[in-house]
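# Analysis of the macromolecular model
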Amino acid sequence: MNDRIVFHIDVNSAYLSWEAAHNLQMGSNIDLRNVPSIVGGDQEKRHGIVLAKSIPAKKYGIKTGESVYSALEKCPELIVISPHYDIYMKASKAMVDFLYDYSPLIQRYSIDEVFLDYTNGNLPYMEAAMKIKEGIKKELGFTVNIGIGPNKLLAKMASDFTKPDKIHTLFYDEIEKKMWPLPVEDLFMIGYRTKKKLNSRGIFTIGELAHLDRDYIYSWLKKPGLLIWEYANGIENSDVKISKSKVKSIGNSTTLPFDVSTKEEAMKVLLGISEMVGMRLRELNIKAEVISVSLKTSEFFSYSHQKKLNIPTSSTNTIYKTALALFEEMWDNSSLRCFSISLSSLVYDDFIQLSFFENFNEKELILDKSIDNIRKKFGQSSVIRSAFLYSGIDPIIGGVVAEENYPMMSSYL
DNA sequence: TCTGGGGTCCTAGGACCC
DNA sequence: TCTGGGGTCCTAGGACCC
């Protein structure tokens with residue numbers, strides 16, 4: 001394996017930093033980063049979770065993902081800001097543009113994380129990292145952590161060490177000292193469940209995981225076990241992917257402000273989501289073969305059903321009808337807080353087999369596309385189905401903040 | 001727990017085939 | 001039928017990431 005120099009650039013408290021930088025630019029005289037503050041969803045709409053927190057807020061024990069309610073209990077004077085995704089997209093794009101001055105080999109891993117291959121860079125890597133960090137701070141107004149390592153995994157682990165505004169390295173000869181003493185849940189890909197499993201067998205640090213027998217971990221936790229064992233040993237060799245890979249699934253979901261307990265309401269929600277996923281599919285010239293509906297009850301129990309179609313589709317009507325059938329098949333009359341429709345086994349249009357049904361499908365596609373165009377021109381609410389009037393349910397449901405084709409998130413490197 | 005939304009990958013079991 | 005062993009496809013659910 002030839003060694004590389006990989007940077008992982010991670011925006012510190014991204015949403016919050018970007019709100020802070022934006023507010024300062026707009027003339028505000030307080031910097032949200034210096035006071036207890038969070039970016040969080042609307043509690044009234046039951047979207048109230050913490051999306052990002054300032055360092056002063058962190059000192060109160062506030063964690064990303066917890067409810068805004070409990071965050072306020074920990075710190076009553078907490079400032080709560082609603083998210084503005086358009087600002088985040090712009091900030092993210094500005095950062096990526098800035099980074100291209102340092103290397104063409106850039107992988108946008110999420111809205112606030114970038115991998116950059118600096119193996120063939122002009123400057124010594126430390127100097128380059130310093131220039132990137134200071135340049136982003138000066139030109140864009142927010143801070144980043146940069147992790148440097150011989151592969152993506154180690155770079156990513158390094159960027160997480162101490163924050164904010166720091167550069168860390170994690171090369172192979174530093175693993176023992178810098179990574180092995182950390183609690184096992186700090187390792188990428190070890191979440192709540194796996195931590196519990198490992199702890200139950202006396203494994204508490206990354207080092208302890210690294211020293212397990214390879215066959216033992218494989219027979220116990222199968223493929224995911226092998227993956228974390230390799231990560232614990234610093235083994236990872238995926239490329240910094242410069243071209244975006246084809247999306248594998250498209251889905252939208254919504255948590256409603258109220259519980260849904262009638263079929264009539266459920267039908268509207270499903271239709272609203274079908275409109276959105278269908279539109280996104282057609283926008284990308286994709287069809288889907290598998291349609292999946294999942295429901296979450298007011299007690300937070302989730303279940304799902306899916307169906308493989310005989311013919312791939314991008315028709316809102318077909319998606320809706322299938323989703324409704326799946327819903328009827330599985331709904332046990334429990335009251336529901338969250339609905340989701342996801343489309344997978346995607347077929348890119350050039351590969352679709354011609355069939356007898358082609359013409360039949362084509363008519364619907366033309367109708368759907370013309371509605372899409374009107375909505376694009378005159379706004380999403382320019383064409384809505386009458387069923388939604390006064391229903392309290394949005395005619396088009398889904399939180400995609402398009403503008404540009406958004407980078408896929410993946411739990412894999 | 002007053003707990004969002006958008007993704008990827010993996011596993012296990014059943015159906016069906018030879 | 002008290003019935004073997006593989007392979008593939010489909011479905012439901014679970015784990016993780018940001």
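Residues numbered from 1 in each chain as written. Chains lettered and ligands numbered in written order. Predicted model: local features only at pLDDT ≥ 70, side-chain atom pairs only at ≥ 80, totals over all residues.

Turning our attention to the overall build of chain A. From N to C terminus, chain A includes 13 helices and 12 strands. For 413 residues, the compact-globule estimate of 2.2 N^0.38 gives 22 Å, and chain A sits close to it at 24 Å. A principal-axis box enclosing the C-alpha atoms of chain A has dimensions of 60 × 55 × 45 Å. Each of the 413 residues in chain A was classed as buried or not, and the buried ones make up 34%. In chain A, the proportion of contacts linking residues at least 24 apart, taken out of those at least 6 apart, comes to 62%. (Helix = DSSP H or I, 4+ residues; strand = E, 2+ residues; numbered from the N terminus. Rg over C-alpha atoms; globule rule 2.2 N^0.38 Å. Buried ≥ 20, exposed ≤ 12 C-beta atoms within 10 Å, placed from the backbone. Contact = placed C-beta atoms within 7 Å.)

Helix length check: helix 5 (residues 125-140), at 16 residues, gives a terminal C-alpha distance of 22 Å against a target of 22 Å (1.5 Å per residue), a fit within 8%. Turning to helix 5, its buried residues number three or more, namely Ala 128, Ala 129, Ile 132 and Ile 136. Around the axis of helix 5, the buried residues are gathered within 100 degrees of arc, so they sit on the same side. Of the exposed residues in helix 5, those oriented more than 90 degrees away from the buried face are Met 126, Glu 127, Glu 134 and Lys 138. On its buried face, helix 5 is in contact with strand 1 (6-11), helix 4 (85-99), strand 7 (144-149) and strand 8 (167-169). (Expected span 1.5 Å × (residues − 1). Arc of directions from axis to C-beta.)

Moving on, we get to the sheet that holds strand 3 (residues 50-53). The 3 strands lie next to each other as 3-2-4, forming an open sheet whose pairing is mixed. The open sheet has two free edges, formed respectively by strand 3 and strand 4 (79-81), since each of these has just one partner strand. Neighbour-to-neighbour, the strand axes of the sheet open up by a mean angle of 30 degrees, direction not taken into account. Here strand 2 (residues 37-40) runs beside strand 3; their pairing, made up of 3 bridges, is antiparallel. Looking at the pairing, Ile 38 lines up with Lys 53 of strand 3. (Pairing = 2+ DSSP bridges. Axes fitted to C-alpha atoms, helices over the stretch in contact; angles between N-to-C directions.)

Quick look at the nonpolar core now. Residues Phe 7, Ile 38, Leu 116, Leu 209 and Ala 232 are the most contacted members of the largest nonpolar core, which totals 60 residues. Examining the composition of this core, we find that 6 residues originate from one element, helix 1 (residues 14-25), more than from any other. Among the domains, domain 1 (1-172) and domain 2 (180-240) are the pair contributing at least three residues each to this core. Filtering out sequence-adjacent residues up to four positions away, Ile 38 remains in contact with Leu 16, Val 50, Ala 52, Lys 53, Ala 57, Ile 62, Ala 71, Leu 78 and Val 80. (Core = buried A, V, L, I, M, F, W, Y, C linked by C-beta atoms within 7 Å. Domains from an automatic or database assignment.)

With that settled, consider the domain arrangement of chain A. Much of the literature gives interface size as the accessible area that the parts lose upon coming together. Taken domain by domain, chain A holds domain 1 (1-172), domain 2 (180-240) and domain 3 (250-388). Of note, the centres of domain 2 and domain 3, computed from C-alpha atoms alone, are 38 Å apart.

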